[in-house]
Amino acid sequence: MSLLDRRTVLIAGVAVTLAGCGDSKDSSSTPSPSPTPSATAPSSTTPPPSTTVPTTPSSTPSTSAPTLTSTAPNWNTFASSLKGRVYLPSTSGYAAAHQLFNPRWDSVRPTAVVKAANPADVQKAVNFARTNKLVLVPKSGGHSYVGASTIANGLQLDVGALKGMSYANGVLTVGAGARLYDVHAFLDRYGRSLPTGTCPTVGVAGLTLGGGMGIHTRTYGLTCDRVVSMGVVTADGKAHNVSATSESDLFAALRGSGGGNLGVVTSFQFATIPATKLGFFRLTWPESQAAAVVNGWQKFAQSAPTTVWGNLHIDAKSNGTLSIRVLGVSTTGDGTAAAAQLESFVGAKASARTLSVKSHLEAVQYLGGGTTSPRQGFLAGSDVLKGPMDAATITGLLGAVKAAARAGTPASAILDPLGGQAAKEPAGGSSWPWRSALAVIQWYSSAQGTSAQTFISNGHRAVRSSSAGGYVNYVESGRAVSSYYGASAAKLQAAKKKYDPANFFHTPYTLS
Ligand SMILES: Cc1cc2nc3c(=O)[nH]c(=O)nc-3n(C[C@H](O)[C@H](O)[C@H](O)COP(=O)(O)OP(=O)(O)OC[C@H]3O[C@@H](n4cnc5c(N)ncnc54)[C@H](O)[C@@H]3O)c2cc1C
C-alpha cells in the first residue's frame, strides 16, 4: 500500500485521521522473570473531586523515591498472591509497562502497574488498592484520549493479558484485554464479525464501555449494543456476571458509560454479526463545494438506507486548502447506489470516485491501515450533533478547519453518522445517551500544543448551537464530565451510588 493510500485509509477510519493506530503492548524485550517489588512503599493520594477534567497531564514525572508511611502497602505479599505481575518504578520493564498509545502520557508514572493474568488477579488488585487507599485505573488497549488509563500516585491495572476468545452459537466470549484486530481475525475463522471501531490496537473494553462506533453502526448498532453479558469486578472486590436478566441495572449502565467508572470488566460476551463482503465508495470534492458537501452529507446521514454508512472528512492541508471527502460502506456488498445517492444530495458529481468490494478481513485491514501500527501523539475532542447544522453553522465549521489550514496546523473534522440501528435502544438497555443524534464530529490534530487546542476550541464554538454534548470515547480535557452523558446522567449516578458508594473508581474523568 502506498503512503498516500495508507494515509487515506487511515483517515477513512472513524477516528484515525492522520494518526494510524499503535500497539502499546509491553515491548520490553527483557522483562525480569518474576516481580521484583520494592520494599519501599508509595504514598497514596486521591485526586480532589472535580466535575471538570484537567487541561494538562494529571502529573509530572516523579523523580523522588516513594514515601514510606506507617500504613505502607506490602507489595511483596501482594505480588506473590498474583498469577500476574507487579511493576514498580524500580522494576525492569516498568517503562514499557506503564505506557499508553499516546506518548503524551508517558510522563504520568503510576505507583505500580499490575498486569493481571486472570479475573482473580483483578479482584485481588481492587481489594489491595482499596485497602491501601490507592487510586486504581483499569487499562485495556491504552488508547484513552486523556490518559485516563494511567494515574500518578496510583495503581494502573492492566487487563491486557485477559485476551482469550471462544466462539459458539453466534456468541463471542472474549477477555477484556483483547485488541480489535485480534477479535476480527478470530471471528473471521467462523465467518462472523462484530461492529467495532477501526483501529486494530484499540482495546475491546475501552471501546465497548464507551459505545463503539464504526462502519457497521447504522446496520447493526454500536459495539456496546451487541453485548450479551459481562464479567465485572466492582469496588468491593466482588465478581459479577451481569446481563439483561442479572443485575440488569449495572449491565445497562456499563453499556455506554465509558470505562473506569463502575468496575473493572474482565470479559464480554457479544452477539456477533455475519462477516459479509462490503462495498466501499470514496468520493472527493473540491474545496469550492465544501458547504454543499456538508449539507448533502447531512441529508445522506438522515435518509440513506441503514445498510449504508459514510463518514465525512474535512482535512486542513499543509498548503492552506481543505480536502473534502466521504468514505462510505454498504453492507449489501455494493456501494454504487449509495455513492450516487450521496452525489445527488450534494448536487454535484464527485471530482474523484473509487468503488471497491472487500472481504471482511480485507476491509478490517484497509480501514485500520494494517494489523497494527505505531504509537501516535495527538489532541482531539468531539461534539455530538443533535440534528442537521444550518448554513451558518456549516460555514463556522468549515471556517474552523480553514483557520487551522492557514495557520499550518494539521487538523481534521471527521463526521461519523449515527442513526439506523444505533438510534434504537438495544434489548436490555444501555446508557449510550445519543440515540436520537445525527452524528459525532471529532476534532483531531496530530499537533499537540496550543495550535491544536485552538483548533478544537474553534470547532466547539462553531457548532455550539447544534451540539448536544461529547462522545465519551473521545473524552477531552477541560470539559465537564456530565457533558458526555446527556439524559443518561441520572441513571448513571444511581448505578454509581449503588455499585461504588464510596467512589472508589475516582479520577477527574469519572462520574462522581
Ligand atoms: C487511534 C484511535 C482510533 C480510534 N478509533 C475509534 C473508532 O473507530 N471508533 C470509536 O468508537 N472509538 C475509537 N477510538 C476511541 C476509543 O474507542 C477509546 O479511546 C477507547 O476508550 C479506547 O479503549 P482502550 O481499551 O484502548 O483504552 P484504555 O486507555 O485502556 O481505556 C479507556 C478507558 O476505559 C477504561 N478501561 C479500560 N479497560 C477497562 C476495563 N477492563 N474495565 C473498565 N474500564 C476499563 C480506562 O480506565 C479508561 O478510562 C479510537 C482511539 C484511538 C486512539
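Structure first, text after, so check above.
The following paragraphs examine the structure supplied in this document. (Residues numbered from 1 in each chain as written. Predicted model: local features only at pLDDT ≥ 70, side-chain atom pairs only at ≥ 80, totals over all residues. Heavy atoms only, no water.)

## Re the overall build of the chain
Spelled out, the test is: Put simply, DSSP H or I for four residues or longer makes a helix, DSSP E for two residues or longer makes a strand, and each gets a number counted from the N terminus. Here's how the labels work: a residue is buried when its accessible area is under 20% of the maximum for its type, exposed when over 50%, partly exposed in between, all with a 1.4 Å probe on protein chains only. Values of accessible area rely on a 1.4 Å probe in the Shrake-Rupley scheme; residue burial ignores everything except the protein chains shown.
Counting secondary structure elements, the chain contains 14 helices and 19 strands. Per-residue burial for the chain yields a buried fraction of 59% across its 512 residues. Of the roughly 18,100 Å² of accessible surface on the chain, a fraction of 55% belongs to carbon and sulfur atoms.

## Quick word on helix H4 (residues 119-131)
Owing to its 3.6 residues per turn, the α-helix brings residues three or four apart onto one side. Selection rule: Here a helix's expected span is defined as the number of its residues, less one, multiplied by 1.5 Å. What the arc describes is the spread of directions from the helix axis to the C-beta atoms. In what follows, a contact means two residues having at least one pair of non-hydrogen atoms within 4.5 Å.
Its 13 residues place the ends of H4 18 Å apart at the C-alpha level, agreeing with the 18 Å of an ideal helix rising 1.5 Å per residue. Residues Asp121, Val122, Ala125, Val126, Phe128 and Ala129 constitute the buried set of H4. All buried residues of H4 fall inside an arc of 165° around its axis, so they share one side. Here the buried face of H4 lies against helix H2 (75-81), strand S2 (112-115), strand S3 (135-139), strand S4 (154-158), strand S8 (227-233) and strand S10 (264-271). Positioned one or two residues after H4, Lys133 has a phi angle of 55°, which is positive.

## Overview of the packing of aromatic side chains
The criterion, for reference: Pairing of aromatic rings covers Phe, Tyr and the six-membered ring of Trp, with a centre-to-centre limit of 6.5 Å; geometry is then stacked below 30 degrees between planes, edge-to-face above 60, and tilted otherwise. Two conditions define a charge sitting above a ring: the NZ of Lys or the CZ of Arg must be within 6 Å of the ring centre, and it must be within 35 degrees of the ring normal.
Tallied over the entire structure, the rule returns 16 aromatic pairs. Judged by centre distance (6.2 Å) and plane angle (65°), the rings of Trp75 and Phe78 are edge-to-face. Note that Trp75 and Phe78 are positioned in helix H2 at a spacing of three residues, about one turn of the helix. Residue classification places Phe78 among the buried positions, given a relative accessible area of 5%. Note on Trp443 and Phe455: the rings are 6.0 Å apart at their centroids and 80° apart in plane angle, and the pair reads as edge-to-face. Note that Trp443 is positioned in strand S18 (residues 439-445) and Phe455 in helix H13 (residues 450-463), a separation of 12 residues in sequence. Grouping residues by exposure puts Trp443 and Phe455 together as buried. Chaining the aromatic ring pairs together yields one cluster made of Phe101, Tyr145, Phe378, Trp432, Tyr444, Tyr471 and Tyr474. Just above the ring of Phe280 sits the side chain of Lys358; from NZ or CZ to the centre is 5.9 Å.

## As for the site of the ligand
Convention followed: Think of it this way: one heavy atom of a residue within 4 Å of a molecule or strand is enough to make that residue near it. N or O atoms within 3.5 Å of each other form a polar contact, as long as, within protein, one can give a hydrogen and the other can take it, and as long as residues adjacent in sequence are counted only when both atoms are side-chain atoms. Under the convention adopted here, Pro, Cys and the residues Ala, Val, Leu, Ile, Met, Phe, Trp and Tyr are nonpolar, Asp, Glu, Lys and Arg are charged, and Gly plus all remaining residues are polar.
Near the ligand lie 38 residues; those nearest to it are Pro138, Ser140, Gly142, Ser149 and Tyr471. Gly203 is positioned with one of its backbone polar atoms (N or O) 2.9 Å from an oxygen atom of the ligand. Protein chains shield 97% of the accessible area of the ligand, which is 950 Å² for the free molecule. Those elements giving two or more residues to the shell around the ligand turn out to be S3, helix H6 (204-210) and S10. When residues of the shell around the ligand are assigned to their parent elements, the largest contribution, four residues, is made by H6. Residues of the shell around the ligand, tallied by class, amount to 21 nonpolar, 16 polar and one charged.

## Notes on the pattern of salt bridges
Short version of the rule: Here a salt bridge means any side-chain nitrogen of Lys or Arg lying within 4 Å of a carboxyl oxygen belonging to Asp or Glu.
Within this structure, the stated rule accounts for 14 salt bridges. Between Arg435 and Asp225 there is a salt bridge, and its shortest N-O distance comes to 2.8 Å. Residue Arg435 is found in the loop between strand S17 (412-417) and S18, and its partner Asp225 is found in the loop between helix H7 (217-220) and S8; the two are separated by 210 residues along the sequence. Given a relative accessible area of 12%, Asp225 falls into the buried group.

## Comments concerning the pairing of strand S13 (residues 308-316)
Note the cut-off: Two strands qualify as a pair provided DSSP detects at least 2 bridges between them.
Within S13, nine of the nine residues are buried, leaving the element largely enclosed by the surrounding structure. Alternating residues of S13 divide into Val308, Gly310, Leu312, Ile314 and Ala316 and Trp309, Asn311, His313 and Asp315, and every residue in both groups is buried. Relative to strand S14 (residues 322-330), S13 runs antiparallel, the two being bridged by nine bridges. In the sheet register, Ala316 faces S14, and the bridge partner there is Leu322. Taking the residues between adjacent antiparallel strands as the criterion, S13 and S14 are bridged by five residues, where Gly320 takes a positive phi near 90°. Examined bridge by bridge, S13 and S17 share four bridges and lie antiparallel to one another. Paired with His313 across the bridge in S17 is Ile414.

## Quick look at the sheet that holds S2
Inclusion rule: Here an angle of 0 to 180 degrees is reported between the N-to-C directions of two axes, which are lines fitted to C-alpha atoms, with helices fitted over the stretch in contact.
Pairing is mixed in the open sheet, where four strands are placed in the order S1-S2-S4-S3. Edge positions in the sheet fall to strand S1 (85-87) and S3, since each of these pairs with one other strand and no more. When strand polarity is set aside, the average angle formed by the axes of neighbouring strands in this sheet is 20°. In the packing of H4 onto the sheet, the strands contacted are S2, S3 and S4, and the crossing angle to S4 comes to about 170°.

## A few points about the packing of helix H9 (residues 290-303) against helix H10 (residues 336-346)
What counts is decided by this rule: Comment on the angle field: the value is read as roughly parallel under 35 degrees, roughly antiparallel over 145, roughly perpendicular from 65 to 115, and oblique elsewhere. We call a crossing left-handed when the near helix sits turned anticlockwise from the far one by less than a right angle, and right-handed when that turn is clockwise.
With their axes 7 Å apart at the nearest point, H9 and H10 run at an angle of 130° to one another. Judged by the inter-axis angle, H9 sits oblique to H10. Relative to H10, H9 is oriented so that their crossing is right-handed. Together, Ala292, Val293, Gly296, Trp297, Lys299, Phe300 and Ser303 of H9 and Ala338, Gln341, Leu342, Phe345 and Val346 of H10 make up the contact between the two elements. Residues that form the contact of H9 with H10 fall into these classes: eight nonpolar, three polar and one charged.

## Concerning the sheet that holds strand S16 (residues 379-385)
Reading across from one edge, S15-S12-S14-S13-S17-S18-S16-S19 is the order of the eight strands in this open sheet, with antiparallel pairing throughout. Edge strands, defined here as strands with exactly one partner in the open sheet, are strand S15 (352-358) and strand S19 (467-469). Adjacent strand axes in the sheet meet at a mean angle of 25°, parallel and antiparallel pairs treated alike. As paired elements, S16 and S19 share two bridges and run antiparallel to each other. In the strand pairing of S19, Val384 is matched with Gly469.

Remember that the coordinates give geometry; whether it matters functionally is a separate question.
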